[in-house]
Amino acid sequence: LQAIWHGWLLPPQSMPVALVLAITVVPLLLPIAALRRPRRALLWVGILALFYFCHGVAEAWSSPVERTLAILEITLTLLLIGTLGAGVRRPRR
């Protein structure tokens, strides 16, 4: 969504597109570094999802032009966070 949003649909006017894409897309590669430890990778995915959630809320609040894409971003991040939470095993008592 970030690559389509900032690279094609609504490219930034005041910053180079490559810089914006680097800021928004490159963090998505961080969990790959933790793939040897799946729980750690899922933790990184969850933490990164919170940053994208915050970005979506800020864009939905401040930019009416980008509101639809921001709401889509919020929905996707909530779906991801909910899925990660549903996959956690609870300890037996």
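All of these numbers come straight from a predicted model, not from anything done at the bench.

1. Points about the side chain of Glu66
Then comes step 1: Relative to the elements of secondary structure, Glu66 occurs in the loop between helix 3 (38–62) and helix 4 (67–86).
Then comes step 2: Of the side chains with opposite charge, Arg67 comes closest to the buried, unpaired Glu66, at an N-O distance of 10.0 Å.

2. Thoughts on the packing of helix 1 (residues 2–9) against helix 2 (residues 17–25)
Then comes step 1: Across the interface, helix 1 lies against helix 2 with an axial gap of 10 Å and an inter-helix angle of 170°. Judged on the interaxial angle alone, helix 2 and helix 1 are roughly antiparallel. Across the interface between the two elements, Gln2, Ala3, His6 and Gly7 of helix 1 pack against Val17, Val20, Leu21, Thr24 and Val25 of helix 2.

3. Focus: the environment of Leu79
Then comes step 1: By secondary structure assignment, the location of Leu79 is in helix 4.
Then comes step 2: For Leu79, a relative accessible area of 56% puts it in the exposed group.
Then comes step 3: Linking Leu79 and Ala49, residues 30 residues apart in sequence, is a C-alpha distance of 9.8 Å.

4. A look at helix 1
Then comes step 1: All buried positions along helix 1 are accounted for by Gln2, Trp5 and His6. Viewed along the axis of helix 1, the buried residues span an arc of 80°, placing them on a single side of the element.
Then comes step 2: Where helix 1 is buried, its residues touch helix 2, helix 3 and helix 4.

Cut-off values and rules
Residues numbered from 1 in each chain as written. Predicted model: local features only at pLDDT ≥ 70, side-chain atom pairs only at ≥ 80, totals over all residues. Heavy atoms only, no water. Helix = DSSP H or I, 4+ residues; strand = E, 2+ residues; numbered from the N terminus. Buried < 20%, exposed > 50% of the residue type's maximum accessible area, 1.4 Å probe, protein only. Lys, Arg positive; Asp, Glu negative; His and termini not counted. Salt bridge = Lys/Arg side-chain N within 4 Å of Asp/Glu carboxyl O. Axes fitted to C-alpha atoms, helices over the stretch in contact; angles between N-to-C directions. Parallel < 35°, antiparallel > 145°, perpendicular 65-115°, else oblique. Contact = heavy atoms within 4.5 Å. Arc of directions from axis to C-beta.

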